[in-house]
Structures are given as structure tokens and as C-alpha cells.
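Take a look at the letters that make up each chain.
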Amino acid sequence: MRRGVTAWVREVHLLAGGVPWVFARTVIPRRTLRGHGRTLTGLGTRPLGAVLFADPGVVRGPLQIARLDLRCPLARRALDVRGASGLPLWGRRSTFRIDGRPLLVCEVFLPALADVLQA
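In this report, we go over the structure that sits alongside the text.

Quick notes on the rules
- Residues numbered from 1 in each chain as written.
- Predicted model: local features only at pLDDT ≥ 70, side-chain atom pairs only at ≥ 80, totals over all residues.
- Heavy atoms only, no water.
- Helix = DSSP H or I, 4+ residues; strand = E, 2+ residues; numbered from the N terminus.
- Rg over C-alpha atoms; globule rule 2.2 N^0.38 Å.
- 1 Å grid on protein atoms, 1.4 Å probe; cavity = no way out; pocket = protein on both sides within 12 Å on 5 of 7 lines; lining within 4 Å.
- Points joined across faces, edges and corners; volume = space filled by probe spheres on them.
- Nonpolar A, V, L, I, M, F, W, Y, C, P; charged D, E, K, R; others polar.
- Pairing = 2+ DSSP bridges.
- Buried < 20%, exposed > 50% of the residue type's maximum accessible area, 1.4 Å probe, protein only.
- Contact = heavy atoms within 4.5 Å.

## Observations concerning the overall build of the chain
Link 1 in the chain: Broken down by element type, the chain carries 3 helices and 6 strands.
Link 2 in the chain: From first element to last, N terminus to C terminus, the chain shows the α and β order β-β-α-β-β-α-β-β-α.
Link 3 in the chain: Taken over C-alpha atoms, the radius of gyration comes to 15 Å for the chain, in line with the 14 Å a tight globule of 119 residues would show.
Link 4 in the chain: With the principal axes as the frame, the chain shows a C-alpha extent of 45 × 30 × 25 Å.

See below:
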């Protein structure tokens, strides 16, 4: 997005047993919230994925995967919000399009998830 563009930002944690496993941040430019995209502002506690993947008109772009360290603002935000610690973190992001208009979904996989997968 260009500097100065207004966007709606949603940050959530995906929990298992009350423990945060994933920190997700969605950035939706204001223009995407028109028309069909307007439903995104009323998600409440519903998962964004349930809405996106249920709509055959939504197109997902390629996944980008990265190893994150503390130079990455998203990694710092993911660790700060719930007091998690541990590096490196892995994340992924992709752009979805609703009626041709973009939204960016970023997910950071937190240390508690890695602990479960290694057990």
C-alpha cells in the first residue's frame, strides 16, 4: 500500500487450550471494504478464513514464507502481544482478492506451536 492509504487492520491470536499458537494480522485497504468486501468488518470472533474460503469468488495469491527475527516489526508485535518468547519465528503471508480488490493476511507461528509439533 502507498503511504497515507487508510486501511482496516485486524489482529488476532489463534488459541489451542488457551495458549496462542498463531498471531494473525490482516490489512484491508479501505477500498476493499466496499461492495462484497463490506462483510469483513462484521466478522466479530468468526475466523476470517471461514469467510474467505467459503466464497468461490475470493482468489488467493501465492503464499510467501519467511523466517522472522526481531528486525521484523511483525515478529516483534507477535511476541509482544502475548509475552511469548523464542526465536526464530516462521511466518507466511498471502494476498487475497475480493471483487479484484486486495487484502493481506500474515500469520506468525508462535513458539508454543513449535513445541507441540516437536513433541
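## Observations regarding the layout of surface pockets
Link 1 in the chain: The volume enclosed by the largest pocket comes to roughly 360 Å³.
Link 2 in the chain: What lines the largest pocket is a set of 18 residues, among which Leu14, Ala24, Leu48, Gly49 and Glu107 lie closest to the centre.
Link 3 in the chain: Secondary structure elements with two or more residues in the lining of the largest pocket: strand E1 (7-16), strand E2 (19-29), helix H1 (48-54), strand E5 (89-98) and strand E6 (101-109).
Link 4 in the chain: Residues of the lining of the largest pocket, tallied by class, amount to 9 nonpolar, 4 polar and 5 charged.
Link 5 in the chain: One number sums up the size of the second largest pocket: a volume of about 280 Å³.
Link 6 in the chain: Forming the boundary of the second largest pocket are 15 residues, of which Leu68, Cys72, Leu74, Arg93 and Cys106 lie nearest the centre.
Link 7 in the chain: In terms of residue count, the dominant contributor to the lining of the second largest pocket is strand E4 (residues 64-68) (4 residues).
Link 8 in the chain: Classifying every residue of the lining of the second largest pocket gives 9 nonpolar, 2 polar and 4 charged.

## Describing the pairing of E1
Link 1 in the chain: Bridge analysis of E1 against E2 gives 10 bridges, and the strand direction is antiparallel. Across the sheet, the residue bridging to Ala7 is Pro29, located in E2.
Link 2 in the chain: Hairpin connection between E1 and E2: a loop of 2 residues separates the two successive antiparallel strands, and Gly17 in this loop has a positive phi of roughly 60 degrees.

## Here we look at the environment of His36
Link 1 in the chain: Turning to its location among the elements, His36 is positioned in the loop between E2 and H1.
Link 2 in the chain: Residue class for His36 comes out partly exposed when judged on its relative accessible area of 40%.
Link 3 in the chain: Measuring from C-alpha to C-alpha, the distance between His36 and Phe109 comes to 30 Å, with 73 residues separating the pair along the chain.
Link 4 in the chain: Once you skip the residues sitting within four places of it in the chain, His36 turns out to touch Asp55, Ile98 and Asp99.

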